[in-house]
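Okay, here's what each chain looks like letter by letter:
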Amino acid sequence: FSSRVIEGEFPDFEKIIPGKALYKVSVDKHELGQAIRLASVFARESGNIVKLNLKKNVLQVKAESASSGKQVTDVEVSVYTEEKKTDLEIAYNYKFLEDFLKVVEGESLDIELTNPNSPGKFIDPTDPKFLHLIMSIRVQG
């Protein structure tokens, strides 16, 4: 085992971490995982994209395939927001969501969202030092 110290100026990584979240979502890890797995079957043909559509107390996990159709699964969530409307649709690569779900130790997880074009903060409540950022995907329509 060997290592080497790299000298130089590094970008400020804290600039890419979103500030105050407009939406804070708490969801059961197993229910979300099952919804992601169901959607992944359809997402494989469309660039691995799944859409998360946040409603009042429901997170819809959606994926579409031109040849197979579409899959929509509703997952009950707790949403905390100061916004007047809770509707928010944001798209992610389902593989990144699955990677996060594999390492969450608790039974639930928290998601902090700002807008469809900002990364989402995925948090394991059992480990306050653990933070997982997933960049959203911009989709048309």
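Residues numbered from 1 in each chain as written. Predicted model: local features only at pLDDT ≥ 70, side-chain atom pairs only at ≥ 80, totals over all residues. Heavy atoms only, no water.

Things to note about helix α2 (residues 94-103)
Tyr 94, Leu 97, Phe 100 and Leu 101 are the residues of α2 that are buried. Down the axis of α2, the sector holding all buried residues measures 120°, keeping them to one side. On its buried face, α2 sits against α1 (29-43), β2 (49-54), β5 (88-93), β6 (108-113), β7 (120-123) and β8 (131-134). For α2, the capping residue at the N-terminal end is Asn 93, with a side-chain oxygen 2.9 Å from the backbone nitrogen of Lys 95. (Buried < 20%, exposed > 50% of the residue type's maximum accessible area, 1.4 Å probe, protein only. Helix = DSSP H or I, 4+ residues; strand = E, 2+ residues; numbered from the N terminus. Arc of directions from axis to C-beta. Contact = heavy atoms within 4.5 Å. Polar contact = N/O pair within 3.5 Å; in protein donor to acceptor, adjacent residues only side chain to side chain.)

Thoughts on the pairing of β2
Burial runs high along β2: six of the six residues are buried. Residues Ile 49, Lys 51 and Asn 53 line one face of β2 and the alternating positions Val 50, Leu 52 and Leu 54 line the opposite face, and both faces are buried. Inspection of the sheet shows β2 paired to strand β3 (residues 58-65) by four bridges, in the antiparallel sense. Residue pairing in the sheet places Lys 51 in a bridge with Lys 62 of β3. (Pairing = 2+ DSSP bridges.)

Structural notes on the packing of aromatic side chains
This structure, assessed with the given rule, holds three aromatic pairs. On the basis of an interplanar angle of 75° and a centroid distance of 5.6 Å, the ring pair of Tyr 92 and Phe 122 is categorised as edge-to-face. Taken as a pair, Tyr 92 in strand β5 and Phe 122 in strand β7 lie far apart in primary sequence, 30 residues in all. Accessibility assignment for this pair places Tyr 92 and Phe 122 in one class, buried. Clustering of aromatic rings is evident, with ring pairs tying together Tyr 92, Phe 100, Phe 122 and Phe 130. (Phe/Tyr/Trp six-rings, centres within 6.5 Å; stacked < 30°, edge-to-face > 60°.)

Observations regarding the side chain of Lys 29
For Lys 29, the location among the structural elements is in helix α1. Buried charged residue Lys 29 carries no salt bridge. Nearest counter-charge: Glu 107, at 5.5 Å. Each residue touching Lys 29, except ones within four places of it in the same chain, is listed here: Leu 101, Val 104, Glu 105, Gly 106, Glu 107, Ser 108 and Leu 109. (Lys, Arg positive; Asp, Glu negative; His and termini not counted. Salt bridge = Lys/Arg side-chain N within 4 Å of Asp/Glu carboxyl O.)

A word on the pattern of salt bridges
By the definition in use, this model includes three salt bridges. Residues Lys 20 and Glu 82 are paired through a salt bridge, measuring 3.5 Å at the closest nitrogen-oxygen approach. Here the residue Lys 20 occupies a position in the segment before β1 (23-28), and Glu 82 occupies one in the loop between β4 (69-81) and β5, the gap between them amounting to 62 residues. Residue Lys 20 shares its accessibility class with Glu 82, and that shared class is exposed. The residue Glu 112 makes a salt bridge to Lys 121 at a minimum N-O spacing of 3.4 Å. Summarising the burial analysis for this pair, Glu 112 and Lys 121 share the class buried.

Regarding the sheet that holds β1
Reading across from one edge, β5-β2-β3-β4-β1-β6-β7-β8 is the order of the eight strands in this open sheet, with antiparallel pairing throughout. Only two strands of the sheet have a single partner each, and these edge strands are β5 and β8. Here the strands of the sheet are splayed against their neighbours by 30° on average, with no regard to which way each runs. Sheet topology places β7 next to β8; four bridges connect them, and they run antiparallel. Across the sheet, the residue bridging to Phe 122 is His 132, located in β8. Its contacts with the sheet place α1 against β1, β2, β3, β4 and β6, and it is angled at close to 150° to β4. Packed onto the sheet, α2 meets β2, β5, β6, β7 and β8 and runs at close to 85° relative to β5. (Axes fitted to C-alpha atoms, helices over the stretch in contact; angles between N-to-C directions.)

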